[in-house]
Every structure is written in structure tokens, then in C-alpha cells.
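# Structural description and commentary
Listed here are the chains, written in short residue letters.
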Amino acid sequence: MADQYSTNEEKILKDSHTKEIDLINRDPKQINEDVVKVDFEDVIAEPDGTHSMDGVWKASYTTFTVSKYWCYRVLSAIFGIPVALLWGFCFACISFCHIWAVMPCIKSYLIETQCLSRIYSLCIHTFCDPLFEALGKIFSSVRVALRKEV
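Reading guide: rules and limits
Once a new chain begins, its residue numbering starts again from 1 and follows that chain's sequence as written. Only residues with pLDDT of at least 70 get local features here, since the model is predicted, and only at 80 or more are side-chain atom pairs given and counted; chain-wide, interface and lining totals rely on the full set of residues. Side-chain calculation: all heavy atoms of the structure are included, whereas hydrogens and water are not. Secondary structure elements are defined from DSSP: runs of H or I of at least 4 residues count as helices, runs of E of at least 2 residues count as strands, and each element is numbered from the N terminus. For every residue, the accessible area (1.4 Å probe, protein chains only) is compared with the maximum for its type, and the residue is labelled buried under 20%, exposed over 50%, or partly exposed between those bounds. Using the Shrake-Rupley algorithm and a 1.4 Å probe, accessible areas are obtained, with residue cover drawn only from the displayed protein chains. UniProt positions are given in the numbering used here, feature names are shortened, and annotations may be inferred rather than shown by experiment. Only Phe, Tyr and Trp rings take part, Trp by its six-membered ring, and two of them pair if their centres are within 6.5 Å. Stacked means planes under 30 degrees apart, edge-to-face means over 60, and tilted covers everything else. Expected helix span is taken as 1.5 Å per residue step, with the number of steps being one fewer than the number of residues. One axis is fitted to the seven residues ending at the residue and one to the seven starting there. The bend at that residue is the angle between these axes. Patch rule: a residue counts if its relative accessible area is over 30% and it has no salt bridge; like charges are joined within 9 Å, and nonpolar side chains (Val, Leu, Ile, Met, Phe, Trp, Tyr) within 5 Å. Criterion for a salt bridge: a side-chain nitrogen of Lys or Arg within 4 Å of a carboxyl oxygen of Asp or Glu. Confidence of the predictor at the level of single residues is given by pLDDT, which spans 0 to 100. The disulfide criterion is simple: two cysteine sulfur atoms within 2.5 Å.

## With respect to the overall build of the protein
When helices and strands are counted, the protein shows three helices and zero strands. Reading the helices (α) and strands (β) of the protein from amino to carboxyl end gives α-α-α. A burial count over the protein gives 1% of its 150 residues as buried. Accessible surface for the protein amounts to roughly 14700 Å². Of this, 67% is attributable to carbon and sulfur atoms.

The following block contains the structure:
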């Protein structure tokens, strides 16, 4: 039983590090849907009455699309791996700080404030509750009558 649990645990650990990558849908959570999805029509548009020659318009479209495509490919080929390494390091540091510093501080703070909140609650119930209950009984017999005088 222990061997089976250990094997399953190792398999889960191995699967999380060797996850298959989807080469078709590279933005499954659509985090860049509105930001970098820029086409020719989103940047360059000619209103009615101001049109260039059809050949210029087609050549401009082709130039924009091809240059954007190849510029991105070249930049990602040159800088993709170093930037991925940098972001991996950055998020590893953030995770480390969160796990080893932030959460223990928050947990410690919650433990300390729980103790203080009990003391505060005890003081409120001991001193304020009787005072406000007495004030409530005093003012409970007050009656207000509105009359309209002419």
C-alpha cells in the first residue's frame, strides 16, 4: 500500500514537470487576447473619400503583416529563451518569498490578532454591553409625537 502511494506521488510529481505543451493553442487562457492581437485593419484604415491606389493598399497590407510576423519570430528566437529564463527566475523568487516569508508573517499576525481580538471582545462585552443596555432601557420609554399646528 505504501509503495503504491509512493509511486502515485512520484507519478503526479513527474507529470507536473513534464506537462505536454499545446503547440496549436498557445494562449489557452486568453491572457493576450485584447493586448497584442493587432491586425493591419486595427492600425491603418482609410476613410471613405481618402483611398490610396489598390496596389499600394495591398502592398502595405502584405508589408505590415509579413514584417510583423517575421520581426516577432526573429525577436522571439533571439530573446525568447533568455527572457523565459529571467521570468522563470523572477516568478521562482516571488514564489519563494510568498511561501517562506509572506505567508508565515500573515499566519503569525493572524495568531497574534486572534489573541488581541479575544481580549478586546471581552472588554467590550464587560464594560460596553451593560452601559448600552442601560441606555437602551432609559430611552425605551421616550415617546415622540408630531403635531401639525395651524
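Here the narrative resumes.
## A short note on the UniProt feature "transmembrane region" (unreviewed entry) in the protein
When the UniProt feature table is mapped to this numbering, "transmembrane region" (unreviewed entry) covers residues 74–101. Between the C-alpha atoms that bound residues 74–101 the distance is 40 Å, and the span itself is 100% helix and 0% strand.

## Notes on the packing of aromatic side chains
Counted according to the given criterion, the structure contains six aromatic pairs. Ring centres 5.0 Å apart and planes at 70 degrees place the aromatic pair F40 and W57 in the edge-to-face group. In this pair, F40 sits in helix α2 (residues 40–43) while W57 sits in helix α3 (residues 54–139), placing the two residues 17 residues apart along the sequence. Taking relative accessible area as the criterion, W57 reaches 29% and is therefore assigned partly exposed. On the numbers, 5.6 Å between centres and 65 degrees between planes, the contact of F40 with F64 is edge-to-face. Linking F40 in helix α2 with F64 in helix α3, this pair joins segments that are 24 residues apart in sequence.

## Details of unusual backbone geometry
Unlike most non-glycine residues, Q30 shows phi in positive territory, near 50 degrees. On the secondary structure map, Q30 appears in the loop between α1 (2–17) and α2.

## Considerations on α3
The end-to-end C-alpha distance of α3 is 86 Å, clearly below the 128 Å that 86 residues give at a rise of 1.5 Å each. Along α3, the helix axis deviates most sharply at F79, where the bend reaches about 50 degrees; the proline P82 sits within four residues downstream.

## Some words on a nonpolar patch on the surface
Taken together, V66, Y69, W70, V74, L75, I78, F79, V83, W87, F91 and I94 make up a surface patch of nonpolar side chains, about 1100 Å² in accessible area. Positionally, V66 belongs in helix α3. By relative accessible area, which is 43% here, V66 ends up partly exposed.

## Quick look at the confidence of the model for the protein
Mean pLDDT over the protein works out to 87, with 88% of the residues at or above the 70 mark. For the protein, α1 is the element with the lowest average pLDDT, namely 57, and α3 is the one with the highest, namely 94.

## Some words on the state of the cysteines
Here the structure, examined in full by the defined rule, presents zero disulfides. Here C128 stays free of any disulfide, with the sulfur of C123 as its closest cysteine sulfur at 8.8 Å.

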